[in-house]
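Structure assessment
Okay, here's what each chain looks like letter by letter:
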Amino acid sequence: MKILYITLKDLRRALRSPLVLAFMLVLPSLQAGLPYLAFHGFSQGLNVQVTRLVVANLDQPVAEYPDFQAGILLTTMLQDDGLRNLLEVSNVDSEFAARLAVDERTADVAVIIPADFSAALFRTGGRVTVTIIHDPALTLGPAIVRDVVNNFMDGFAGALMAADVASAYIPGMDEATRLGVMQSYGDWAQTIGKSLSHSVHPGIRYEASPRVEESQPVMVTLIGPIMLGMLVFFAFFVGAISAQSILREDEQGTLARLYKTPTSRFTILSGKFLAVTVILALQVGLLLAIGSAFFGISWGNWIPVVFNGLGLVIAAAGFGVMLIAFMRNTRQAFLITGGVVILTGMAGGTMTTSFANLPSAFEIVNLLTPQGWVLRGFFAAMRGGMLEALVPALVSALIGLTCLAVGIYKLNRRFN
Amino acid sequence: MTEQTAIHLQNLHKRYGELTAVHGIEFTVRRGEIFSLLGPNGAGKTTTIAMLSCLLAPTSGDALVMGQSIVHAPHAVKQAIGVVPQEVAIYDDLSAHQNLVFWGHMYGLNGRHLARRVDEVLDLVALTNRQHDRAGHYSGGMQRRLNIGIALLHEPQLVIMDEPTVGIDPQSRRKILDGVKELNRRGVTVLYTTHYMEEAQELSHRIAIMDHGKLIAQGTNNELIQIIGGLHRINLTLSQKPASLLEMWRMLASVHSVSEEDGTVSLLVKNSAQVLPTVFESATRADVRVTSMDIQEPDLEAVFMHLTGKALRD
């Protein structure tokens, strides 16, 4: 029970300290939160403002190929699922209505497809103009619309040129053959209108990584490593700061007084170590929850996450106790342990978690520090690994316990 | 060693490398008495207390505290004694009440017994009205009283006080000295260390004088004063202090010793009435004016000077 009384007393004192609270929760959340808030909202996905688009599709079918309507194809393309987060498309039936919508700011951009759109695409030497009108203060939305229209027009222009070239250079090609070329071209054009996941050539396709696309928005995959790096870095910082309570009690005379009570040194130091681990467990648990709830980070399967969390807590607490055991006073401890935690944190990779293509030698340097092992375990958990996440968790815990043993040995020698 | 013995030291030593902090001291404190360890700073008093309260292990020797060995049964010793450290050792970010509850737990108190003792101690140290204020907001005297109260929580029969009045105002000092006497009236044995001769004289049934880690004398106040055979002390303030004049005074038959401290020259003499005319006459001849003078009855300061050749505050 005495262990718990010591732990509760230390917790009460630590949680009243603005310094501990700042390093425990505020700074790591800010470190991850600032880039998140700079580029991202609190919703899932890329949060570019949705552009309100009105389309006035005045296109009329051509007599030679009545089933093909290029205007409908372009409209369908603008309404593609892939653009749903960027464009909110509505249709109007006249150019006047489209222009009025932009003027009255009920729409950001208007696309006006002329009546001879399909005809111009099927006739040699045909000319057509698709009009895009937008609020001059906007840049990103109109650019997206312009790109989609350009892609569409480029595809048709290329195919039309091919048909014209074939007509000019194939001797005796009659109008029926040319019409056949145009018909197959029309079929192809209808196909690309169904999905933006086609290149202009149906044989060439692109495919994004389903993992990134389906489970984690891009910003979240960036924020996740940053948040993890800050979590690990500040956990070691808080471990060192919390363990300073031993030095502070030494300076205040209360540690010597505790040693004069009928309470064993093992009990006293265990109570203090337990307080450090509880503070760290609170910190790690809260930061993982904040990362998940506010930034949408998926940390992985709960089993390796819990084990790596425990590994982190033990490693940070043990490392903190060992560091302060070599310090004479709190002033020295704040400077030196702070420096050591920063250096080992950097060497362990806590500051470079979002950097790609780091030299492979850096990975070896990472593993010379407890922070490196903790990061390895968490990253493996985020990738969905189990065994490869549990082994680093075990190594982290062993490092922490070894550090703790060294620290307790050193502290015990102080009063002999 | 009898049932009436509270503390019995047996050739206690403490060394730090080449430095010997405590050099084979031996003394006995009887139950129910106030026993003072008197000596200047660095005499080894605090080291002795640290060993008796089982904070430091002796290099050699042993001590029995309330019948338990500090070497072989430190846990039992700690349970039996209350220790008031020299520096205020309280949690200044906790209230007096929270401090007492925590320290009570450390002495194994719980539940109603603890609650009752906390109330009693708060009353004893006159902090009941401020019990929920942070101790860091207390005056120095209040912190000292709380510091003492913590040592009394578990109702120990022996309280060890290590210079509890250092650095506090006279009013708080008076309260503490009265508190020690009251404690002793209730049957508690007190081992009290100080470098204030007046405190030792006022409080103690018996006194041991330490210097350089050694015990140089012990006994009652009267017994110690007998060591110097009733010497009086003459304190003089002089307009100047020529070495030849002080040397001449040392040569006088009635003068036992001459020392100089803080601008005051002190002479230990057997018969002040016989010496004074000679002292004044020689001062006049040396063109030295005596600007003030007082004569003190034999006291512990004089004993210490007699035994060590220096003042207690040196």
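Before any of the text, the structure's been laid out above.
Note on numbering: residues in each chain are counted from 1, in written sequence order. Here the convention is simple: chains get letters from A, ligands get numbers from 1, in the order in which they are written. Local features in a predicted model are, by the rule used here, given only for residues with pLDDT of at least 70; side-chain atom pairs are given and counted only at 80 or more, and totals for whole chains, interfaces and linings are based on all residues. Calculated side-chain values reflect all of the structure's heavy atoms, with hydrogen atoms and water omitted.

1. Focus: the interface of chain B and chain A
For this analysis, residues touch if any pair of their heavy atoms sits within 4.5 Å. Listed by partner, the interface residues are 29 residues for chain B and 22 residues for chain A. Buried area: the accessible surface (1.4 Å probe) lost by two parts on joining, summed over both. Between chain B and chain A, a total of about 2400 Å² is buried, with carbon and sulfur atoms accounting for 59% of that surface. On the chain B side of the interface with chain A, the three residues burying the most area are Leu55(B), Tyr91(B) and Met106(B), jointly 28% of the side's total. In what follows, salt bridge is the name for a side-chain nitrogen of Lys or Arg lying within 4 Å of a carboxyl oxygen of Asp or Glu. For the interface between chain B and chain A, the tally reads 1 salt bridge. Residues Arg13(A) and Asp93(B) are paired through a salt bridge, measuring 2.8 Å at the closest nitrogen-oxygen approach. Polar contacts, as used here, are pairs of N or O atoms within 3.5 Å; protein pairs need one atom able to donate a hydrogen and one able to accept it. Residues neighboring in sequence count only if both atoms are side-chain atoms. In this structure, the connection of chain B to chain A is made through 12 residue pairs in polar contact (both at pLDDT 80 or more). Among the secondary structure elements, those contributing two or more residues to the side of chain B that touches chain A are α2 (74-80), β7 (81-84), α3 (96-106) and α5 (140-152) of chain B. Element by element, the count of residues in the side of chain B that touches chain A is highest for α3(B), at 5 residues. Residue classes in the side of chain B that touches chain A are distributed as 16 nonpolar, 8 polar and 5 charged. Strands are runs of DSSP state E lasting at least 2 residues, helices are runs of H or I lasting at least 4, and numbering of each runs from the N terminus. Residue classes follow a fixed rule: Ala, Val, Leu, Ile, Met, Phe, Trp, Tyr, Cys and Pro count as nonpolar, while Asp, Glu, Lys and Arg count as charged, and any other residue, Gly among them, counts as polar.

2. Focus: the packing of aromatic side chains
Classification of ring pairs rests on two measures: the distance between centres of Phe, Tyr or Trp rings, Trp counted by its six-membered ring, which must be within 6.5 Å, and the angle between planes, read as stacked under 30 degrees, edge-to-face over 60 and tilted in between. Taken as a whole and judged by the stated rule, the model has 8 aromatic pairs over all chains. With 5.8 Å between their ring centres and 70° between their planes, Phe236(A) and Phe319(A) make a pair best called edge-to-face. Highlighted residues: Phe236(A) in helix α9 (residues 218-252) and Phe319(A) in helix α12 (residues 302-325), separated in sequence by 83 residues. Like Phe236(A), the residue Phe319(A) is buried in the burial classification. An angle of 75° between the planes, with centres 5.4 Å apart, marks the rings of Phe102(B) and Trp103(B) as edge-to-face. No difference in accessibility class separates Phe102(B) from Trp103(B), as the two residues are buried. Only protein chains enter the accessibility calculation, which uses a 1.4 Å probe; a residue whose area is less than 20% of its type maximum is buried, one above 50% is exposed, and one in between is partly exposed.

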